[in-house]
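Examination of the molecular architecture
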Amino acid sequence: MSVVQGYLLASMPDASLFGFPPTNEPTPLSPAPEPISIMRPFNIPDYVYQAALDPRVPLTIAALYAVTAKALNKFNASRNKKPWAMSKTKVFSAFVVLHNVLLAVYSAWTFWGMLGTMRRSIVTPFGPGGVAASADSLCRIHGPSGLGSSLYFNDTSGNWDSANPNTLLGSLDGKQPSNMQMGRIWNEGLNYYGWIFYLSKFYEVLDTFIILAKGKFSSTLQTYHHAGAMLCMWAGMRYMSAPIWVFTLVNSFIHALMYTYYTLSAFSIRVPMAVKRTLTTMQITQFVVGASYAILHSFVTYVAPVTVTKVATQIDNLPAAAVDAAMPAATGALDSLKKFIFGSAALESVASGAVKKSALVTETSYVAQPCIATANETFAIWLNVLYLAPLTYLFVSFFIASYMKRSTANSKATGKPNRRLSNVALAEKAGWDAARDLEQEVYGGEKMVNGHSNGHANGHIEVIEEVDEIVVPKKANGRTKRRT
């Protein structure tokens, strides 16, 4: 039995996909109720699911957050950055620890749930459908599994459609996908974990208020980061855009590690420098990789073989002898039985010398499927890309500045140009420094002093990354002393 495979093509997105603002959008498909378990501790009512994805929700909260952060910055400036009284209490210290523990556990739970979702949904490129089957499972997140069997929203008609007509038979009224139909990313878990992850972005703004309570400032970039994350997760979930799974999966993994680190720091548990550097670099790498992966969706088309099975009928005029051989004359009880099975019309047709033959016929055609088929998904993708662009630009700028600075310093120290090996080492160090500098801008706070946070008091530590290494201008035994 031969296996028919599809293939991938590079393509430019259609201009019609870049309409703004989004119109004729599909209704977000809420997750079907399931038995309560650790990975599904509660079910989400449809009306709650839809209400949370109303655009007024993220816009209002993001605006209130930005205005409040700006106002509290001025308040801290008027107090000469004096910590609030509450930040010196044991209750506040306990809250900071519980906040970090909660986000670490929640993020790990989300990552594990999404890992199972992807494991059940993504098709290996080494299977019968090849790379086209993998692309299909990643690009099209609704409908039954199987190459070419996906459901997608048709912007023109305002209904759900499929390249395979047989797929529509399994949807509700041929228009709305069923949330009970498993096999693809959305119903397998993204609709559940992604929605909760979207809501968690509102809670994460407490990171900012912890910093503000210590008398520090919330940077503009930090405010931009939190407000933008709310809107980007909203757009991805509201318009059910395929790439949103990567942000839910990867960002939850990074946050699980990040908030675990913060929790350990709160208990004064020393974390190896290599771990901190790796974590910082991972936090920034997700910006670059995530944006690149999201953009890729708009430039990929896969060609899928769609096989449709239908009933083909044919009427042949046969001689009387053949008619007799095919169906003997109906008499008595046998005639009644044949009428019951075949119907009187079939018997009359045979009696007149005509036999109606039917057979199941399969037809295979190749259908080009753009990875992103709707303007709504395109809007969500490019909103995320535009949001990440300034962060990526800053990372590159920090990297170049750090690399150039270290390269110049190394040349002056050695009196000769750098060798290839030293260039690699310098680039690696510059990458760490760039990631650290950007993280401090994004997550707020100031640089550490002598390896400890300025806000380190009463057993707690502010929610920022430590500086990896501080050079203290003090001689010890004739050498410069380095502290970590």
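Reading the values: rules and limits
Residues numbered from 1 in each chain as written. Predicted model: local features only at pLDDT ≥ 70, side-chain atom pairs only at ≥ 80, totals over all residues. Heavy atoms only, no water. Core = buried A, V, L, I, M, F, W, Y, C linked by side-chain atoms within 4.5 Å. Buried < 20%, exposed > 50% of the residue type's maximum accessible area, 1.4 Å probe, protein only. Contact = heavy atoms within 4.5 Å. Phe/Tyr/Trp six-rings, centres within 6.5 Å; stacked < 30°, edge-to-face > 60°. Helix = DSSP H or I, 4+ residues; strand = E, 2+ residues; numbered from the N terminus. Axes fitted to C-alpha atoms, helices over the stretch in contact; angles between N-to-C directions. Parallel < 35°, antiparallel > 145°, perpendicular 65-115°, else oblique. Left-handed = near helix turned anticlockwise from the far one by under 90°. Salt bridge = Lys/Arg side-chain N within 4 Å of Asp/Glu carboxyl O. Expected span 1.5 Å × (residues − 1). UniProt positions renumbered as here; feature names shortened; annotations may be inferred.

Formed by 60 residues in total, the largest nonpolar core has its most connected members in Trp-186, Leu-190, Trp-195, Tyr-198, Met-237 and Trp-245. In this structure, Met-237 is in contact with Tyr-49, Leu-53, Trp-186, Leu-190, Asn-191, Gly-194, Trp-195, Tyr-198 and Ile-244, ignoring residues within four places of it in sequence.

What follows deals with the packing of aromatic side chains. Scanning the entire structure with this criterion turns up 18 aromatic pairs. Ring geometry for Phe-42 against Tyr-192: centres 5.9 Å apart, planes inclined by 45°, an arrangement best described as tilted. Note that Phe-42 is positioned in the loop between strand E1 (7-10) and helix H1 (46-52) and Tyr-192 in helix H6 (residues 185-203), a separation of 150 residues in sequence. Overall, Phe-42 belongs to the partly exposed group, its relative accessible area being 38%. Measuring from centroid to centroid gives 5.3 Å for Tyr-49 and Trp-195, while their planes differ by 20°, and the two rings are stacked.

Right, let's get into helix H4 (residues 130-139). In an α-helix there are 3.6 residues to a turn, and that puts residues three or four apart on one side. Across the 10 residues of H4, nine count as buried, placing the element largely inside the fold. Along H4, the residues classified as buried are Gly-130, Ala-132, Ala-133, Ser-134, Ala-135, Asp-136, Ser-137, Leu-138 and Cys-139.

H6 packs onto helix H3 (residues 90-121) with a crossing angle of 160° between their chain directions and a minimal axis gap of 9 Å. Compared by their axis directions, H3 and H6 come out roughly antiparallel. In this structure, H3 meets H6 at a crossing whose hand is left-handed. Taking contact as the criterion, the partners of His-99, Leu-102, Leu-103, Tyr-106, Trp-109, Thr-110, Gly-113, Met-114, Thr-117, Met-118, Arg-120 and Ser-121 in H3 are, on H6, Ile-185, Glu-188, Gly-189, Leu-190, Tyr-192, Tyr-193, Ile-196, Phe-197, Ser-200 and Tyr-203.

Next up on the list: the pattern of salt bridges. Taken as a whole and judged by the stated rule, the model has six salt bridges. Put simply, Arg-238 and Glu-25 hold a salt bridge, and the shortest N to O gap is 3.7 Å. Of this pair, Arg-238 sits in helix H8 (residues 220-238) while Glu-25 sits in the loop between E1 and H1, placing them 213 residues apart in sequence. On the basis of relative accessibility, which here comes to 33%, the residue Glu-25 falls in the partly exposed class. We note a salt bridge from Arg-120 to Glu-188, for which the minimum N-O separation is 2.8 Å. Of this pair, Arg-120 sits in helix H3 while Glu-188 is found in helix H6, placing the two residues 68 residues apart along the sequence.

Turning next to helix H9 (residues 244-266). In this model, H9 (23 residues) spans 32 Å end to end at C-alpha, consistent with the 33 Å of a helix rising 1.5 Å per residue. Among the 23 residues that make up H9, 18 are buried, leaving the element largely enclosed by the rest of the structure. Just downstream of H9 lies Ser-268, where phi reads positive at about 60°.

Taken from the UniProt record, the annotation "transmembrane region" (unreviewed entry) applies to residues 91-112, 192-212, 253-272, 284-304 and 379-403. The span residues 192-212 is 90% helix and 0% strand, and its two end C-alpha atoms sit 33 Å from each other. Secondary structure across residues 253-272 comprises 70% helix and 0% strand; the distance between its end C-alpha atoms is 19 Å.

With respect to the helices and strands, the residue Met-230 is situated in helix H8. Taking the relative accessible area as the measure of exposure, Met-230 reaches 0% and is therefore buried. For Met-230 and Phe-197, which are 33 residues apart along the polypeptide, the C-alpha to C-alpha distance reads 9.7 Å. For Met-230, the residues in contact, after removing those within four places along its chain, are Pro-58, Ile-61, Ala-62, Tyr-65, Tyr-198, Lys-201, Phe-202 and Val-205.

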